[in-house]
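Tertiary structure, described
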Amino acid sequence: MSTVQLTTAQALVRFLAAQYTERDGVRRRLIASCWGIFGHGNVAGVGQALVESGQGPGAPLPFHQGRNEQAMVHAAVGFARQHNRLSAQAVTTSIGPGATNLVTGAALATVNRLPVLLLPGDTFASRIPDPVLQQLEVPYAGDLSVNDALRPVSRYFDRVTRPEALIPAALQAMRVLADPAGTGAVTLALPQDVQAEAYAWPREFFAERVWRVTRPAPDPDVLDEVAAAVRAARRPLLVAGGGVHHSEAEDALRTLADATGIPVASTQAGKGSLRHDHPADVGGIGHTGTAVADALAREADLVLGVGTRWTDFTTASGTLFAADGVRFANLNIAAFDGHKMGATCLVADARAGLEALTRALRGHRVPAGHEAAYTEGKKRWERTVAEAFAPDPFDAGARPSQTQVLGALDAVVDDEDVVVNAAGSLPGDLHKLWRARSPRQYHLEYGYSCMGYEIPAAIGVGLADPDRHVWALVGDGTYLMMPGEIVTAVQEGSRLTVVLVQNHGYASIGALSEQTGAERFGTAYRFRDADGGYTGAPLPVDLAANAASLGLEVWRAGTVDELRAAFAAARASGRPGCVYVETDPDPAVPAPGPEAWWDVVVAETATRPAAREARTHYNHNRSHQRHHL
């Protein structure tokens, strides 16, 4: 057997450069590049291997320099999502805090079923330098390190304690990353002495390997059962989840909707599965859904979920689907998700399953009354959107509301632009109101809803698709969590605009706090008052100046007209920028309220009237919860 002498880290870099996915005859690099911050746990191993392999044009594994380990994972997740999970990135860190900073990003990737390869350095396998700098000593277990915190948030975890152990570990890692039903964060913990240890590697290990991502077809008997249920339904509703995008099944979904007239609602991850102006698109569903989608959900006798995980926001914590005898059918690549809601489970690729279902439903169309009802509901909701987006006709100089910010952006974006958001009050407004024009325009991370995701994820989207303009929408609370990756955006020359909405605190949680009887405690960014609370004057921070200091070109906007001009200038500039706007906390036209409930517990006993009243409302709503069996 022919061999080549390399360190473990050199072998890993060479191996990763030869891994590919293939779907529908299109081949892509499985691990396209590597993010990294170096310390003593990886600088002489993975760092040296990357230098050894070369970093010029056509490098085997291009390198991106990050500023925060969590943010590097977010960037990799944005990249993978933009590539429909067919191409991913690696992230390397040192040991200790560099490794534990990966945990939040890993959880986000796994929750959202998105692939990322994590390569944290680890303590010495030899245990001669013990404890090494930044090592956590565990008195009851000598083989544990802080990297074990990554086990519960990884879909695959291995610690490579010998060079030759890399071979099975690396192959298993690629298998999981390329598996649409089982993907997520994959961790290979790399003891720092093993990274630098040489071994005679079989050359076959570095041969090109293609991981084929197939399109499993649905079982014919289950397909017939689902088709029969659809034909029998009087008020069917289809709920499109992120799996529609990952499978590139948007055209198949549109064909089904055109042929049958079944209305299509969408989760946060599935929004954009149909273009907003398609006759069957009724918008977002659930707690942050549209009035028309949630009304359809309450009356539906059959709900067809396609590529959705059925989170509590989608089901309104088990209160939304209220019709007697409502049944569910789920088309999903993962049986784990397909069996939720007591559904008939159709395990298949979303595109293959939708195409097969369209054939099985040939000649069928929903009752005319059902189609007419949701068509009229869609028109009413479009008027609601227009009212929320419109500037105040009586005060052109007024400070804009948050929904007017979205309206100004809506007037400027191109169909192929990407809007990225994850946390705060913006996801609710976006899910209800945003007019998604293309499958990849709406990029909401709402599985983990992680503050700080937006800016690094936007960088990842730009690396995956450099020709698109990417908008990272953040409130002041989210911005303060993780602005450091702005430096990376400047360094990479990203076509990125940060839309920075200043509302002086945690607007979303402030409203939720009020609804649950906690009276907005600890949610405002203000000076302390005489009683020790945070209700004083707003803090004198200048986040626009901060963004400029990190290298962004900044436009300040005080009105809707100034916003539109700023958005147009930012889009035309071709360099990383920031549009800063302070919103009106009490606008004349507030954002549409929730159309469905969300179960956030309220204190069962309390002395304060606000909490007692909130508990009364909570008990009323909870009485409508149900299991779907």
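Quick word on the nonpolar core
- Counting 81 residues, the largest nonpolar core has Leu 237, Leu 238, Ile 285, Phe 321, Leu 430, Leu 473 and Phe 567 as its most contacted members.
- When neighbours within four sequence positions are excluded, Phe 567 is seen to be in contact with Val 405, Ala 408, Leu 409, Val 412, Trp 471, Val 499 and Val 579.
- Core analysis: the second largest hydrophobic core is formed by 45 residues, Ala 422, Val 461, Val 474 and Ala 489 among them.

As for empty space enclosed by the protein
- Inspection of every chain in the model, using the stated rule, returns three cavities of 30 Å³ or more.
- Considered as a void within the structure, the largest cavity measures approximately 60 Å³ in volume.
- Lining the largest cavity are Arg 23, Asn 84, Arg 85, Leu 86, Leu 177, Ala 178, Asp 179, Pro 180, Thr 183, Val 213 and His 246.
- The class makeup of the residues in the lining of the largest cavity is five nonpolar, three polar and three charged.
- Computed from the structure, the second largest cavity encloses a volume of approximately 50 Å³.
- Taken together, the residues of the lining of the second largest cavity sort by class into three nonpolar, seven polar and one charged.

Remarks on the layout of surface pockets
- The computed volume of the second largest pocket comes to approximately 670 Å³.
- Every residue lining the second largest pocket is counted, 44 residues in all, and those nearest its centre are Gly 242, Gly 243, Gly 307, Thr 308 and Arg 309.
- Elements represented by at least two residues in the lining of the second largest pocket include exactly α9 (242–246), α12 (312–315), β16 (327–332) and α13 (335–338).
- In terms of residue class, the lining of the second largest pocket is built from 17 nonpolar, 17 polar and 10 charged.

Some words on the sheet that holds strand β3 (residues 26–29)
- What the three strands build is an open sheet, ordered β3-β2-β11; its pairing is mixed. Single-partner strands in this sheet number two, and they are β3 and β11 (209–212). Strand-to-strand twist in this sheet, taken as the mean axis angle between neighbours without regard to direction, amounts to 35°.
- Where strand β2 (residues 19–23) and β11 come together, four bridges link them in parallel fashion. Across the sheet, the residue bridging to Tyr 20 is Val 210, located in β11.

Comments concerning the sheet that holds strand β14 (residues 281–284)
- Taking strand neighbours across the sheet as the criterion, the six strands line up as β14-β13-β12-β15-β16-β17 in an open arrangement whose pairing is parallel. At either margin of the open sheet sits one strand with a lone partner, and together these are β14 and β17 (344–347). Strand-to-strand twist in this sheet, taken as the mean axis angle between neighbours without regard to direction, amounts to 20°.
- Two elements, β16 and β17, share four bridges in a ladder whose sense is parallel.

Considering the packing of aromatic side chains
- Under the definition given, this model contains 13 aromatic pairs.
- Ring centres of Tyr 199 and Trp 201 lie 4.9 Å apart, and the angle between their planes is 75°; this geometry places the pair in the edge-to-face category.
- We classify Tyr 199 as partly exposed; its relative accessible area is 27%.
- Ring plane angle 70° and centroid distance 4.5 Å describe the contact between Phe 313 and Trp 598, whose orientation is recorded as edge-to-face. Linking Phe 313 in helix α12 with Trp 598 in the loop between β23 (577–582) and α24 (609–622), this pair joins segments that are 285 residues apart in sequence.
- Judged by its relative accessible area of 11%, Phe 313 falls in the buried class.
- Note on Trp 598: relative accessible area 25%, which makes it partly exposed.
- An aromatic cluster is built from Phe 15, Tyr 199, Trp 201, Phe 205 and Phe 206, whose rings are joined through pairwise contacts.
- When the ring centre of Tyr 20 is taken as origin, the NZ or CZ atom of Arg 27, which lies over that ring, is 5.7 Å away.
- Sitting above the plane of the Tyr 442 ring, Lys 271 keeps its charged end 5.6 Å from the centroid.

Describing the packing of helix α1 (residues 8–16) against helix α2 (residues 43–53)
- α2 packs onto α1 with a crossing angle of 55° between their chain directions and a minimal axis gap of 8 Å. For the element pair α1 / α2, the angle class is oblique. The chirality of how α1 crosses α2 is right-handed. Of the residues in α2, those touching α1 at Ala 9, Gln 10 and Val 13 are Gly 45, Val 46, Gln 48, Ala 49, Leu 50, Glu 52 and Ser 53.
- Its residues placed into classes, the contact of α1 with α2 shows five nonpolar, four polar and one charged.

Some points on the pairing of strand β9 (residues 185–191)
- Summarising burial for β9: seven of the seven residues are buried, a large majority.
- As defined by bridge partners, strand β7 (residues 116–122) adjoins β9 across five bridges and the pair is classed as parallel. Bridging across to β9, Leu 118 finds its partner in Thr 187.
- By the bridge criterion, four bridges tie strand β8 (residues 156–159) to β9 in an arrangement that is parallel. Bridge assignment links Tyr 156 to a residue of β9, and that residue is Val 186.
- A crossover connection joins β8 to the parallel β9 through helix α6 (residues 166–177); in handedness this β-α-β unit is right-handed.

Details of the packing of helix α10 (residues 250–260) against helix α14 (residues 350–360)
- For the pair α10 and α14, the least separation of the axes is 8 Å and the interaxial angle reads 20°. Considering the angle they form, α10 stands roughly parallel to α14. Handedness of the α10/α14 crossing: left-handed. Contacts between α10 and α14 involve Ala 252, Leu 253, Thr 255 and Leu 256 on the former and, on the latter, Arg 351, Leu 354, Glu 355, Leu 357 and Thr 358.
- Classifying every residue of the contact of α10 with α14 gives five nonpolar, two polar and two charged.

Conventions and cut-offs
- Position numbers for residues count from 1 along each chain, tracking the sequence in the order it is written.
- Local features in this predicted model are restricted to residues whose pLDDT is 70 or higher, and side-chain atom pairs enter the listing and the counts only when it is 80 or higher, whereas totals over whole chains, interfaces and linings include all residues.
- Note that water and hydrogens are dropped before the side-chain values are worked out from all heavy atoms of the structure.
- We call a set of buried Ala, Val, Leu, Ile, Met, Phe, Trp, Tyr and Cys residues a nonpolar core when their side-chain atoms join them within 4.5 Å.
- Residue burial is assigned from relative accessible area. The probe radius is 1.4 Å, only protein chains are included, and a residue is buried under 20% of its type maximum, exposed over 50%, and partly exposed in between.
- We call two residues contacting when some pair of their heavy atoms lies within 4.5 Å.
- Whether a set of points on the 1 Å grid over the protein atoms alone is a cavity depends on a 1.4 Å probe fitting there but being unable to get out, while an open set qualifies as a pocket with protein on both sides within 12 Å along at least five of seven lines; lining residues are those with an atom within 4 Å of a point.
- Grid points are joined across faces, edges and corners, and a volume is the space filled by probe spheres set on the points.
- The residue classification treats Ala, Val, Leu, Ile, Met, Phe, Trp, Tyr, Cys and Pro as nonpolar and Asp, Glu, Lys and Arg as charged. All others, Gly included, are polar.
- Think of it this way: any DSSP run of H or I at least four residues long counts as a helix, any run of E at least two long counts as a strand, and we number them from the N terminus.
- Think of it this way: DSSP has to see at least two bridges between two strands before they count as a pair.
- Every axis in this analysis is a line fitted to C-alpha atoms, fitted for helices over the stretch in contact. Angles between the N-to-C directions lie between 0 and 180 degrees.
- Ring pairs are drawn from Phe, Tyr and Trp, using the six-membered ring of Trp, whenever the two centres fall within 6.5 Å, and their geometry is named by plane angle: stacked under 30 degrees, edge-to-face over 60, tilted for the rest.
- Whether a charge sits over a ring depends on NZ of Lys or CZ of Arg being within 6 Å of the ring centre and within 35 degrees of the ring normal.
- Small angles under 35 degrees read as roughly parallel and large ones over 145 as roughly antiparallel, with 65 to 115 read as roughly perpendicular and the rest as oblique.
- Handedness of each helix crossing follows the sense of rotation of the near helix against the far helix: counterclockwise by less than a right angle gives left-handed, clockwise gives right-handed.
- Looking down the strands as they point away from you, a crossover is right-handed if its path from the first strand over the helix to the second goes clockwise.

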